[in-house]
Amino acid sequence: MRGLCFVFLALCLASVQLAGAYAASVRTVTIGHGHLQIVGTLTLPAGDPAPVVLMLHGFAGARDELRTSYVEEGVFTRTANRLAAAGYASLRIDFRGSGDSVADLTFSQTTFESQILDARAAIEYLKDSPLVQGNKINLLGWDQGGLVASAVAGRTGLPNSVALWSAIVDTVDTFAEILGEKALVDGTQAKADQPVKATLPWGVEIDLNGGFFHQVERFNTAAEIASYSGPLFVAQGAKDELVSPESAAILIVAHDGPEKPWIYEMDHVFNVFDTDTTLESLISATFEFLNEYNAVNLNDG
């Protein structure tokens, strides 16, 4: 809805020449929606406005997502660049409290519902933007971003298509693994605004709030995606020790509409600590899915 969203666009590098025989414009954007302030990166392929993919990062992540020696620019940055090469625009956002989106919320105040609100604000921006095809908005969510994408799709019905990468389905089991059983118990017993400390598997201590854990206890990703009847891509790793490989089947069974499951011998982070070939295969499979539901004119560069 025009007028509900105001946007300040600032060129991150004015115009960036990405690798390969194509040119893309990369901009840092700040999306204001009511009291919300959300920072993101908008990547546009050369040529006319294109279909766009809204990219939603995972728990404790940020919009460029995981960097390793094999993916030095970050998993989501790599994906955005590949999208541009294939003729797609993309917007990857920092959920409020993460990355650069810290103007009005800290990470300790975030919940599933706050991130769902952020994603919906980003969709409103894309719908109104003359820089992209606002009638062809696609969602891509990884990890908790997949959970958020499922809810946004189910509650709005707006996405042209949805791609879920290792989406969190069993919230209780997954966050017990990430945060530990004690933190989960303490969190569910805490008041909504009460701080709760937890330690990530790699030793970093973080602060959350009781409201986050209350939503972990009752959130139902499968029920959310069941309300969405559009095209659904579900990527899941057979070696994922964080999100059960059975999660893909749960999502597919819950969803009623066109579907493409993609099960691969990969861990939760697409084997990027060992190679980038799995990520490239995943991106290619996601392109094939997107191309079924988006008419894209590839740019010659």
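Remember, predicted model here, so these are calculated numbers, not experimental data. (Residues numbered from 1 in each chain as written. Predicted model: local features only at pLDDT ≥ 70, side-chain atom pairs only at ≥ 80, totals over all residues. Heavy atoms only, no water.)

Engineer: What should I look at first to understand the pairing of strand β5 (residues 89-93) in this one?
Structural biologist: Both faces of the sheet carry side chains from a regular strand, because those side chains alternate between them. The buried fraction of β5 amounts to five of the five residues, a majority that puts the element mostly inside the structure. With burial as the criterion, each face of β5 is covered, one bearing Ala 89, Leu 91 and Ile 93 and the other bearing Ser 90 and Arg 92. In terms of strand pairing, strand β3 (residues 36-45) meets β5 through four bridges, oriented antiparallel. By the bridge assignment, Thr 41 is partnered in β5 with Arg 92. Following the backbone out of strand β4 (residues 50-56), through helix α1 (residues 75-85) and into the adjacent parallel β5, one traces a crossover that is right-handed. (Buried < 20%, exposed > 50% of the residue type's maximum accessible area, 1.4 Å probe, protein only. Helix = DSSP H or I, 4+ residues; strand = E, 2+ residues; numbered from the N terminus. Pairing = 2+ DSSP bridges. Right-handed = clockwise from strand over helix to strand, strands pointing away.)

Engineer: Help me understand the pairing of strand β9 (residues 205-209), please; the structure alone is not making it clear to me.
Structural biologist: In terms of strand pairing, strand β8 (residues 195-199) meets β9 through five bridges, oriented antiparallel. Residue pairing for β9: Pro 195 is matched across the bridge by Asn 209. The turn joining β8 and β9, which pair antiparallel and follow one another in sequence, is formed by five residues; a positive phi near 95° is taken by Gly 203.

Engineer: Mind showing me how you'd approach helix α8 (residues 247-254) here?
Structural biologist: Since one α-helical turn is 3.6 residues long, residues separated by three or four positions face the same way. All buried positions along α8 are accounted for by Ser 247, Ala 248, Leu 251 and Ile 252. Taken around the axis of α8, the buried residues stretch over an arc of 135°, which confines them to a single face. (Arc of directions from axis to C-beta.)

Engineer: Got a minute to help me understand the side chain of Ser 150 in this structure?
Structural biologist: Within the secondary structure layout, Ser 150 lies in helix α3 (residues 144-156). Here Ser 150 is in contact with Leu 164, Thr 221, Glu 224 and Ile 225, once residues within four sequence places are set aside. (Contact = heavy atoms within 4.5 Å.)

Engineer: For this particular structure, what's the right way to read unusual backbone geometry?
Structural biologist: Residues other than glycine predominantly adopt negative phi, and peptide bonds predominantly adopt the trans conformation. A positive phi angle, close to 60°, is found at Ala 60, a residue other than glycine. Counting through the fold element by element, Ala 60 comes out in the loop between β4 and α1. Even without a glycine there, the phi angle at Phe 270 is positive, about 60°. Summarising the element assignment, Phe 270 is placed in the loop between β11 (259-264) and α9 (277-293).

Engineer: Just checking my understanding: could you explain the packing of helix α4 (residues 171-179) against helix α5 (residues 181-189) for this structure?
Structural biologist: Two quantities define a packed helix pair, namely the angle between the axes and the distance from one axis to the other. The contact between α4 and α5 brings their axes to 7 Å, and the two run at 120°. For the pair α4 and α5, the contacting residues are Val 172, Phe 175, Ala 176 and Leu 179 in the first and Glu 181, Ala 183 and Leu 184 in the second. Residue composition of the contact of α4 with α5, grouped by class: six nonpolar, no polar and one charged. (Axes fitted to C-alpha atoms, helices over the stretch in contact; angles between N-to-C directions. Nonpolar A, V, L, I, M, F, W, Y, C, P; charged D, E, K, R; others polar.)

Engineer: I'm lost on the pattern of salt bridges in this one. Help?
Structural biologist: Pairs may arise between side chains of opposite charge once their charged atoms sit close together. All told, the structure shown has 17 salt bridges when counted by the stated rule. A salt bridge links Arg 82 to Glu 280, with the shortest nitrogen-to-oxygen separation between them at 2.8 Å. In this pair, Arg 82 sits in helix α1 while Glu 280 sits in helix α9, placing the two residues 198 residues apart along the sequence. For Lys 260, the salt bridge is made with Glu 288, and the minimal N-O distance between the two is 3.3 Å. On the criterion of sequence distance, the pair formed by Lys 260 in strand β11 and Glu 288 in helix α9 is long-range, its members being 28 residues apart. (Salt bridge = Lys/Arg side-chain N within 4 Å of Asp/Glu carboxyl O.)

Engineer: Sorry if this is basic, but what is going on with the nonpolar core here?
Structural biologist: In globular proteins that are soluble, nonpolar side chains generally tend to be buried together. Formed by 61 residues in total, the largest nonpolar core has its most connected members in Leu 54, Phe 59, Leu 91, Phe 175, Leu 179 and Phe 212. If one sorts the elements of this core by residue count, helix α2 (residues 112-128) sits on top with eight residues. Apart from residues no more than four positions distant in its own chain, Phe 59 is found in contact with Phe 107, Asp 143, Gln 144, Phe 175, Ile 178, Leu 179, Leu 200, Ile 206, Leu 208 and Phe 212. Counting 27 residues, the second largest nonpolar core, distinct from the first, contains Met 55, Val 71, Trp 142 and Met 266. (Core = buried A, V, L, I, M, F, W, Y, C linked by side-chain atoms within 4.5 Å.)

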